[in-house]
Amino acid sequence: MSEQSTQPQLKWQRTPWLTLGFFIAKEIKLFIKNFTNFLPALAVIFVTDSAWVPYALGGSYLVYIFISALLNHRFFLFALSNDAVHLRTGVLGKKSLTLKYERIQQAELEQTWYFRPFNLTILKVDSAGSAGKEVEIPGLPMQQAQQLRQLMLATAPAVESEPGATTEATQAATAEEPQWQTQFNLAEIIKAGVIDNKIFVLLALLSYPLSQTDWLQEQMVPWLEANIGFIESSLWLNVGLVLAVLSLLFVLAIAVTVITYYDLAVSINGDRYQARSGLFSIRTVSFRYPKLQRVQIKQNIRARLLKRFRVRVSQLQPAMAQHTAGSSAFILPVVNPELLHELRQQLNLTNANQVHWQSISALALLSPTFWVAWLAPITCLIGYFAIELSLTSSFLIAVLLWGLMQTYVVFRWRNYGFSYDSTWLAVKHGVLGRTENWYPYYKIQQLDVYQSPWLRMLGFAHIIVHTAAGAEVIKYQSLASALQLQQQWIQQVGQNQQRWM
Amino acid sequence: MSITWQPVEPAYKTSLQIAVILDMGLLAIVGAVFYLWVPNTSWLPNALWLAIPWAVITLFLGLFWSSRRFQFTAYARTDASMYLRRGALWRLTRAVPLNRIQHVEVRQGLIERTLGLAHLTLYTAGSGGADLSIPGLKLATAEAMKAALVDAIATESSPVATETEEHV
């Protein structure tokens, strides 16, 4: 290999024995990801009569995991030089990879719970772009990893095109204290748990395996009948039991959020934003301002009652990381109004009370109103003929349902708004919850003006804005103004020299 | 600033019509196979119930749709962006800034090759396949446009490159 001949001083290292756990975890993740591949094996387990088959399959799988983790650990070699990370991996197919520091977009330290007691860490390195590579080096000593990360980040901004950002970032990387910092206390994180409650996800997860087997029918119900027969005697006890289970799930779901976001600390250092959190495993996510693709400020109905916001910043991810999305997005799950104000300033968003929201034409109501109008007669007919309600009650239900839907349609139209100025394009929508999406202009990749036959009849068009963080539709603009906005924006993007990847 | 739309080659209409005939012909063959070779056709509706709509759709697509689509399809190039109009009933005007283009491609399908046509496709990064494809160009025109675009993209990015060098 030429790389070896030019750099004979490379010292290839193996990760410590402790990292075997990391490789095992990786195998297990792989197993969950490719779960469908194992469905035939599962089918065999269910079909077979012999008692030993499940154990044999499970046991051989465990052995397989252990051996492949062992081999992967044996054959994972890395070397650090002054300007690059070198990796040599692969048991049968060999892979050799060199990542120059100056090409590195992101370098994060992840302290998982099984490394924390030993003061070890995982270094995660991204080189973004269309052929993004992600590299993980497990089991580095904390101090060495931190130094390495500093080195990478100090070298990285050199490829950045904006002179201002470069100097700032270099300064920031060398500076010890971040320029702006905030900490979230436990009460706030619990609020985040209430807002982002995964109770329904938990319920679905629990109910699926139960529904798949007859275990509930065959074992649980007779057992319950035999042992706690008194339940049936009291309706209130039943209701209480269900409520208790639900509230337990609710608390469990809050606990999930608390474990993920415990001790959340956000710091801003030049153009680098960082969030650190976690009770057992400490996770760091960060992004650099020039790579920002979208800022989403979201409130669901619980968040509105608690007067909190959820802020999510999207950046361009390497293609591989996109599939495991969510894990690497920069999310602040609970932001109070004052902090939101401050964040908007830090992110250079237009001041909340200076945003000029434009509403869309009332003709946008026509099409949904038309479809909702079908609802009333259909409900009435179903109520009368299929469910055999009386004529008046089916009529009343139909009117009520139609009224609700129509109100929803009107509010959705009323709360929809968009705004644009010299740097940002913003769209807000939502009836019960509220969402605001902010896109910087210079990240726009394509602009579409779309007309269906219906829109053409009315003389309107939708503007579809494509960015790397997804597409946003600005509805019901008059065709002339849509085409004019398209030209104006595309001109602005075309003349912008800022990096956009 | 107004943009000047360039129409595509009239042969594009022919290529659309050929595609319509091929697609509808395939459908017709499948239908014919069903009616002629399936042993018991009593459960199928009378063949005319399918043949008449088929003929109407074929005529509609072959005469009305393809000419409307040809009429509306046009492209425009400004100094900083590329525009494309396409569609017949559902219409889309797409604009791509030149400095977002990742690579440019000239492609020829089988029908296009017999008619001497090609299409020029611009890819933008990170959009996952959504891009701009100008159909119905003469092969020479497409090649020339590709060369001009590649040129423009190269000069577009050079100020950035020099700036970085100065800085380093």
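Small disclaimer: the values here were computed from a predicted structure and weren't measured.

Turning our attention to the overall build of chain B. Each helix and strand in chain B was counted, giving four helices and seven strands. Along chain B, helices (α) and strands (β) appear in the sequence β-α-α-β-β-β-β-α-β-β-α when read from the amino end. Surface accessibility of chain B: about 9500 Å² in total, with carbon and sulfur atoms responsible for 66%.

This paragraph deals with the packing of aromatic side chains. Counting across every chain of the model gives 17 aromatic pairs over all chains. Ring centres of Phe370(A) and Trp371(A) lie 5.0 Å apart, and the angle between their planes is 75 degrees; on these two criteria the pair is classed as edge-to-face. Looking at Phe370(A), the relative accessible area reads 46%, which means it is partly exposed. The exposure class assigned to Trp371(A) is exposed, which follows from its relative accessible area of 59%. Three or more aromatic residues joined by ring pairs form one cluster here, namely Phe418(A), Tyr420(A), Tyr441(A) and Trp489(A). The ring of Phe72(B) carries the charged tip of Arg85(B) above its face, separated from the ring centre by 4.8 Å.

Turning to the side chain of Thr182(A), a few remarks are in order. Residues and elements named next belong to chain A. With respect to the secondary-structure elements, Thr 182 resides in strand 8 (residues 180–183). Residue classification places Thr 182 among the buried positions, given a relative accessible area of 19%. Excluding anything up to four places from it in sequence, Thr 182 contacts Leu 264, Ala 265, Val 266 and Leu 339.

Residue and element names in this part refer to chain A. One pass over the full model with this rule turns up two cavities of 30 Å³ or more. In this structure, the second largest cavity encloses a volume near 30 Å³. Around the second largest cavity, the lining residues are Tyr 273, Val 311, Val 313, Phe 330, Leu 332, Leu 343 and Leu 347. Among the elements of the structure, strand 13 (309–315) and strand 14 (330–335) are those that each provide at least two residues to the lining of the second largest cavity.

Glancing now at the confidence of the model for chain B. With 88% of its residues at a pLDDT of at least 70, chain B reaches an overall mean of 84. Counting interchain partners and residues more than four positions distant, the pLDDT-below-50 stretch residues 158–168 of chain B has 12 contacts.

Along strand 4 (residues 91–97) of chain B, seven of the seven residues are buried, which leaves the element largely enclosed by surrounding structure. In strand 4 of chain B, alternate side chains face the same way, and those of Arg91(B), Thr93(B), Ala95(B) and Pro97(B) on one face and Leu92(B), Arg94(B) and Val96(B) on the other are all buried. As defined by bridge partners, strand 18 (residues 446–451) of chain A adjoins strand 4 of chain B across five bridges and the pair is classed as antiparallel. Its bridge partner being in strand 4 of chain B, Asp448(A) is matched across the sheet by Arg94(B). Pairing of strand 3 (residues 81–86) of chain B with strand 4 of chain B involves six bridges; the strand directions are antiparallel. Pairing of Tyr83(B) across the sheet is with Ala95(B), part of strand 4 of chain B. Linkage of strand 3 of chain B to strand 4 of chain B, two consecutive antiparallel strands, is achieved through a turn of four residues, within which Gly87(B) is found at a positive phi near 110 degrees.

The rules behind each value
- Residues numbered from 1 in each chain as written.
- Chains lettered and ligands numbered in written order.
- Predicted model: local features only at pLDDT ≥ 70, side-chain atom pairs only at ≥ 80, totals over all residues.
- Heavy atoms only, no water.
- Helix = DSSP H or I, 4+ residues; strand = E, 2+ residues; numbered from the N terminus.
- Areas by Shrake-Rupley, 256 points an atom, 1.4 Å probe, with all protein chains shown as cover.
- Phe/Tyr/Trp six-rings, centres within 6.5 Å; stacked < 30°, edge-to-face > 60°.
- Buried < 20%, exposed > 50% of the residue type's maximum accessible area, 1.4 Å probe, protein only.
- Lys NZ or Arg CZ within 6 Å of the ring centre and 35° of its normal.
- Contact = heavy atoms within 4.5 Å.
- 1 Å grid on protein atoms, 1.4 Å probe; cavity = no way out; pocket = protein on both sides within 12 Å on 5 of 7 lines; lining within 4 Å.
- Points joined across faces, edges and corners; volume = space filled by probe spheres on them.
- pLDDT = per-residue confidence, 0-100.
- Pairing = 2+ DSSP bridges.

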